[in-house]
Every structure is written in C-alpha cells, then in structure tokens.
Amino acid sequence: MNRELAATPPMGWNSWNMFGPAVDEEKIMRTADTLVKKGMKELGYTYVVIDDCWTIKDGRDPQGNLVPDPGRFPSGIKALADYVHSKGLKLGIYSDAADRTCAGYPGSYGHEEQDAALWASWGIDFLKYDYCNAPWDQKSAIERYRRMGNALASCGRDILFSLCEWGARSPHLWGKTVGGSMWRSSGDIFDSWVDIWVQPPGGIGYYGVGIDTNIELAARIAGYGGPGGWNDLDMLVVGLKGKGQIEGNGLSPFEYRTHMSVWSITCSPLFIGCDITAMDADTEAILTNPHVIAVNQDPLGVPGKRILSKNGCDVFRKPLHDGSTAMAVVNRGSAPAECSFSAGELGFLDTEKTVFDIWQGANTHEFTGDLRVKIEAHETKFWLIP
Ligand code: GLA
C-alpha cells in the first residue's frame, strides 16, 4: 500500500448517484472541465470516477479483456484518462469481486491481474471494487479483496483501492491489510434523511440508507479511520435535490449542510454525486466551503469522534494539527432543540473563547466552555475552536 495515496481522505466525483447506467465520456469530460473551472480541483476534488456500467454487458474480448461500451465511450478509456490527466485530475473506474457487477456487467473475479494490467495501461488511478454476487461471509470477502489488492500492488501503477462491501463484514478491521485506502461503511446512500425500503419487482428488497442512519454508523466506527485508510460513508448526495437516479426526494438546506459537516468531521472521503455542470449556488457553496474541506483534510488525520449524545443532539470533536479543535453539534431530532452541555462534558476549560462558525463564515462569541445553543431540526452547528 502506498500510504501517500490516501494520507488524507480521498476527494473527487463519482458518476453513480446522478447518472447510473447513463454515464458516458462526454459527462466525464465536462465534469473534469467543471472541477477545474470552478476551482474545485484546487480545493482537493481530484478523482473523477466512472462507476458501474462502463463496459459492454456481454463478456470480454477474445483476449479476455474488458471492453468499454463503444456507444458511451467511443474514444476508449485510455483517451479519456489522457484528457482527465491533461486537466491535472485523476481517473477512477469500477469493478466487482464476482462474475458480475451490481448492475450485471462483467466483474473481475478470476481476472484480477489481467484487469489491473489493463487499467494500468490505460492510466487508471483509482478502483472502486464492489461486492455484488459474491459469497456473503467475511473470509471470502477478505480473500477476494486481497486478490485484487495484490494485483493492483503489482500492476506497475499507483491505483487507489476503494472497497465497497457496504460495511457488512467489518472492513474497518481488515480493509488496510488487503491494500484498501477506503472502505464503505454502509449500504447505498439515498437522497433522503430517513432510510427508504426498495422492493424490486420479483427481487429481494433492501433499505437504502438515509443520512441519519449514516451519521449513526459513522459515530460507531469513527475510531478506525486514519492516514492510509478511511471509513467511507458513501458518495455525497449534496445538490441532488431529488434529481439523481438514486431514490429520495432530496434534503433540506440544513440537512445537506449536516450531511457535509458529518462527512467532513469524521474524515469520510468526499466524492460529489450531483451534476456539477448544472449545480446551483447553494450546492456550490456547500461543496466548496474551504473550512469544511480543511477540517476533513487536516494533516493530523484524526477522524472526529462522537463524544456526547444528549436530548437528540450529537457532539462530534476532532483535533486539528495546529492544536485547535473542530466541533459539530448535530440536532438529529425533527424539532428545534435547545442543546446544552457543560464545559466538563465537552472537554473544554470553562473560559470564554471566540469561535469561528463555519456555516456562518464568521467569528462568534457564544462559546464559554459551557454550551447552550438552539439548533433547528436536522441542523448542525460547526465550529472551529482555538
Ligand atoms: C452498489 C454500490 C453503489 C453503486 C452500484 C452500482 O450498489 O454500493 O455505490 O456502485 O452498486 O451498480
């Protein structure tokens, strides 16, 4: 594993939440252009990731290689990687540790070295490796991820390995040992505060994960991420506003900020999921808030932990490299709440401090060690405390 690949949580954009099977080279190129034009590349959004559905559906070529869909990727992936690299960005791709991906396209099980070599020859920089159609147990998962981890390690190119087995086999305990730099900690995120039950006709039903559930999962495993390997709370839904191809009718402005705040303070990778070529000003402001990103990317690399949970208010604290602290107070309840904590509970000395309110973008004086603050339903107060 090259620790340098993920010294801080990886950042970028992924095609799935917005485009699903409609991903194509035009969308990837325009996304890359936008990351540069909007200054998002400079903020750290580096990886442009093609998710599922990029190959032809039926099999491989006579040499056994994966074949990009000629209709949606007519120039081929190598040309696309060259384009993305010419913008100073990196290209990611997707496969699965079984015969078939989640959407039914060819997977890489049994072809690990051949596929890793092909991706390396194209200039791929990142692999999201899914787990549909693979055996359920942990031992098989570790073995299948290790096979791909080894293939990537010997393919001659740095390819960041992103594990996606949905947290079901505790990848925070073994993800690094198979070469992973990040591992999903939940099932698929939806554009919704609460979970949503999905029942495919004739298929097996499942819950899509709402932001509130993901916050709870993040809090439980926060201790396990760090430089080189991060808990991945899934791609961001900020800005989808119900228009993505995943389920959900969108979140309120408070909820999108809460989502971003928790992903930031717990050091989740930040992969944008909306169509940034058409994002509105609110969405751009959330995704490009430099303080939110600085907390997430702080070089100390210590994920924030939930230190308190009281009256529906969760408090996350994260130490920063300059000795200061980031603190997020989340009202997960569906009504406004008066959140009140003593200095002792928060772990601060009882002295008055000028704190910086990240979402207001201003210094405030409301922190005296003890904390009493009114927080709207599903709102997060996010502060930098000297
Ligand atoms: C799984 C993953 C998603 C996405 C889809 C693609 O559900 O968890 O993030 O990659 O597959 O089919």
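Refer to the structure above for everything that follows.
All of the points below concern the structure found in this document. (Residues numbered from 1 in each chain as written. Predicted model: local features only at pLDDT ≥ 70, side-chain atom pairs only at ≥ 80, totals over all residues. Heavy atoms only, no water.)

**Description of the sheet that holds strand 15 (residues 353–357)**
Line of reasoning, step 1. With antiparallel pairing, the six strands of this open sheet are ordered in space as 11-12-13-18-15-16. Both outer strands of the open sheet, strand 11 (305–310) and strand 16 (362–367), are each paired with one neighbouring strand and no more. Across the sheet, the mean angle separating the axes of adjacent strands is 30° when strand polarity is ignored.
Line of reasoning, step 2. Pairing between strand 15 and strand 16: four bridges, direction antiparallel. Bridged to Lys353 within strand 16 is Phe367. (Pairing = 2+ DSSP bridges. Helix = DSSP H or I, 4+ residues; strand = E, 2+ residues; numbered from the N terminus. Axes fitted to C-alpha atoms, helices over the stretch in contact; angles between N-to-C directions.)

**Side note on the site of the ligand**
Line of reasoning, step 1. Close to the ligand lie Trp16, Asp51, Asp52, Tyr94, Cys102, Ala103, Lys128, Asp130, Cys164, Trp166, Arg184 and Asp188.
Line of reasoning, step 2. Contact distances for the ligand include 2.7 Å between an oxygen atom and a side-chain N or O atom of Asp52.
Line of reasoning, step 3. Trp166 is positioned such that a nitrogen or oxygen atom in its side chain is 3.0 Å from an oxygen atom of the ligand.
Line of reasoning, step 4. Protein chains bury 93% of the 310 Å² of accessible surface belonging to the ligand in isolation.
Line of reasoning, step 5. Taken together, the residues that form the shell around the ligand break down as six nonpolar, no polar and six charged. (Near = heavy atom within 4 Å. Polar contact = N/O pair within 3.5 Å; in protein donor to acceptor, adjacent residues only side chain to side chain. Areas by Shrake-Rupley, 256 points an atom, 1.4 Å probe, with all protein chains shown as cover. Nonpolar A, V, L, I, M, F, W, Y, C, P; charged D, E, K, R; others polar.)

**Focus: the pattern of salt bridges**
Line of reasoning, step 1. Tallied over the full model, the rule gives 26 salt bridges.
Line of reasoning, step 2. Glu26 is the partner of Arg30 in a salt bridge, and the nearest nitrogen-oxygen pair spans 2.5 Å. Taken as a pair, Arg30 and Glu26 lie in helix 2 (residues 25–37) at a separation of four residues, close to a single helical turn.
Line of reasoning, step 3. Where Arg332 meets Asp314, a salt bridge forms, and the shortest distance between an N and an O atom there is 2.8 Å. Of this pair, Arg332 sits in the loop between strand 13 (325–331) and strand 14 (337–341) while Asp314 sits in strand 12 (residues 313–319), and the two are 18 residues apart along the sequence.
Line of reasoning, step 4. Here Asp314 falls in the buried class, since its relative accessible area comes to 2%.
Line of reasoning, step 5. Through salt bridges with shared partners, one network takes in Asp212, Glu216, Arg220, Arg306, Asp314 and Arg332. (Salt bridge = Lys/Arg side-chain N within 4 Å of Asp/Glu carboxyl O. Buried < 20%, exposed > 50% of the residue type's maximum accessible area, 1.4 Å probe, protein only.)

**Regarding the sheet that holds strand 4 (residues 126–130)**
Line of reasoning, step 1. As summarised here, the arrangement of the eight strands in space is 9-6-5-4-3-2-1-10, forming an open sheet in which the pairing is parallel. Of all strands in the sheet, those with a lone pairing partner are strand 9 (230–232) and strand 10 (270–272), marking the two edges. On average, each strand axis in the sheet is tilted by 25° relative to the strand beside it, whichever way the strands run.
Line of reasoning, step 2. Pairing analysis gives three bridges linking strand 1 (residues 11–14) to strand 10, with the strands arranged parallel. Its bridge partner lying in strand 10, Gly12 is registered against Phe271.
Line of reasoning, step 3. Sheet strands touched by helix 2: strand 1, strand 2 (47–49) and strand 3 (90–96). Its angle to strand 2, the strand with the most contacts, is close to 160°. (Contact = heavy atoms within 4.5 Å.)

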